[in-house]
Amino acid sequence: MNAADTVHALLTALFVGAAGYAVRHACAPSGAAWRGRVDHFLHAAMAVAMAAMPWGPVPSRMGQTVLFTAAALWFPLTPVRRAGESRPAATVRRLPSALGMTAMVWMLRASHALHHAPPAGSRVAVLLTLCLLVCALWSLTRDMPVLRAGPGTSAVLRSPYGHFWDGSMALGAAVMLVMPH
């Protein structure tokens, strides 16, 4: 197994874990409202597609493009406000998910974006990669001050595992954007 295959295997394991987390929360009996369930199923679909992407030809490329384009629009167009949150703030909170779905569409439509695309396509892939890296770092580190606050503070966190999987998906998508597949 070469280095690229090793990275692809690690990313596949990451994406399968993320898909399992998303399906678990989408199907939880006391889980989120219907929009939250749709969000989780969309994330699960993306994780499964990302897990399979490096290992062979993508089945139904057009169907996946339509699904993930609709998902990229779904997130900013269906914000659910938290108590005291404005609609623009709720929309901004959902932009990382929309960005991830957009990156998925880009990977489906422009395979080998950095290696074989024209310069404009490379700039889009670089911009998507940088944005995903920022989202990954933000999501993976956002609860760290709370975790350092002292014993018993983990109960204060809304969804520490959710932030982990969100950040891991963003990081994995960024890596997939720059790797040949």
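Details of the structure are given in the entry above.
What comes next concerns the included structure. Computed from a predicted structure; not experimentally measured.

1. A closer look at the state of the cysteines
Every disulfide links exactly two cysteines, by a covalent bond between their sulfur atoms. Applying the stated criterion across every chain, the model contains 0 disulfides. With no disulfide of its own, Cys-131 has Cys-135 as its nearest cysteine by sulfur position, at a separation of 6.8 Å. Residue class for Cys-135 comes out buried when judged on its relative accessible area of 16%.

2. Brief notes about the packing of aromatic side chains
Following the criterion strictly, the structure yields 3 aromatic pairs and no others. Judged by centre distance (4.9 Å) and plane angle (70 degrees), the ring pair of Phe-164 and Trp-165 falls under edge-to-face. For Phe-164, a relative accessible area of 38% corresponds to the partly exposed category.

3. As for the environment of His-163
Structurally, His-163 is set in helix α9 (residues 160-178). When the C-alpha atoms of His-163 and Ala-136 are compared, they prove to be 9.0 Å apart, with 27 residues separating the residues in sequence.

4. A closer look at helix α2 (residues 34-52)
The first and last C-alpha atoms of α2 sit 27 Å apart over 19 residues, in line with the 27 Å expected at 1.5 Å per residue. Three or more residues of α2 are buried, namely Gly-36, Asp-39, Leu-42, His-43, Ala-44, Met-46, Ala-47, Ala-49, Met-50 and Ala-51.

5. Regarding the packing of α2 against helix α3 (residues 61-77)
Relative to each other, α2 and α3 sit at 140 degrees, their axes nearing to 11 Å. What the angle tells us is that α2 and α3 run oblique. Two packed elements cross with a definite hand, and for α2 against α3 that hand is left-handed. For the pair formed by α2 and α3, the contact residues are Trp-34, Arg-35, Val-38, Asp-39, Leu-42, His-43, Ala-45, Met-46 and Ala-49 on the first element and Gln-64, Leu-67, Phe-68, Ala-71, Trp-74 and Phe-75 on the second. Residues of the contact of α2 with α3, tallied by class, amount to 11 nonpolar, 2 polar and 2 charged.

Definitions and cut-offs
All residue numbers refer to positions counted from 1 along the written sequence of the respective chain. Selection of residues for local features in this predicted model requires a pLDDT of at least 70, selection of side-chain atom pairs for listing and counting requires 80 or more, and totals for whole chains, interfaces and linings are taken over all residues. As a rule here, side-chain values come from all non-hydrogen atoms in the structure, and water together with hydrogens is ignored. Note on disulfides: each one is a pair of cysteine sulfur atoms within 2.5 Å. Under the scheme applied here, a residue whose accessible area is under 20% of the maximum for its type counts as buried, over 50% as exposed, and between as partly exposed, the area being computed with a 1.4 Å probe on protein chains only. A pair of aromatic rings is counted whenever rings of Phe, Tyr or Trp (Trp by its six-membered ring) have centres within 6.5 Å, and the orientation is called stacked for planes under 30 degrees apart, edge-to-face for over 60 and tilted otherwise. Going along the chain from the N terminus, every DSSP run of H or I of four or more residues is numbered as a helix, and every run of E of two or more is numbered as a strand. A helix is expected to reach a length of 1.5 Å times the quantity of its residues less one. Angular values range over 0 to 180 degrees, each being the angle between N-to-C directions of two axes fitted as lines to C-alpha atoms, with helices fitted over their stretch in contact. With respect to orientation, any angle under 35 degrees is reported as roughly parallel, any angle over 145 as roughly antiparallel, any angle of 65 to 115 as roughly perpendicular, and every other angle as oblique. Crossings are sorted by hand: turned counterclockwise from the far helix by less than a right angle, the near helix makes the crossing left-handed, and turned clockwise it makes it right-handed. By definition in these notes, contact holds between two residues if any of their heavy atoms fall within 4.5 Å. When residues are sorted by character, Ala, Val, Leu, Ile, Met, Phe, Trp, Tyr, Cys and Pro go into the nonpolar class, Asp, Glu, Lys and Arg into the charged class, and all the rest, Gly among them, into the polar class.

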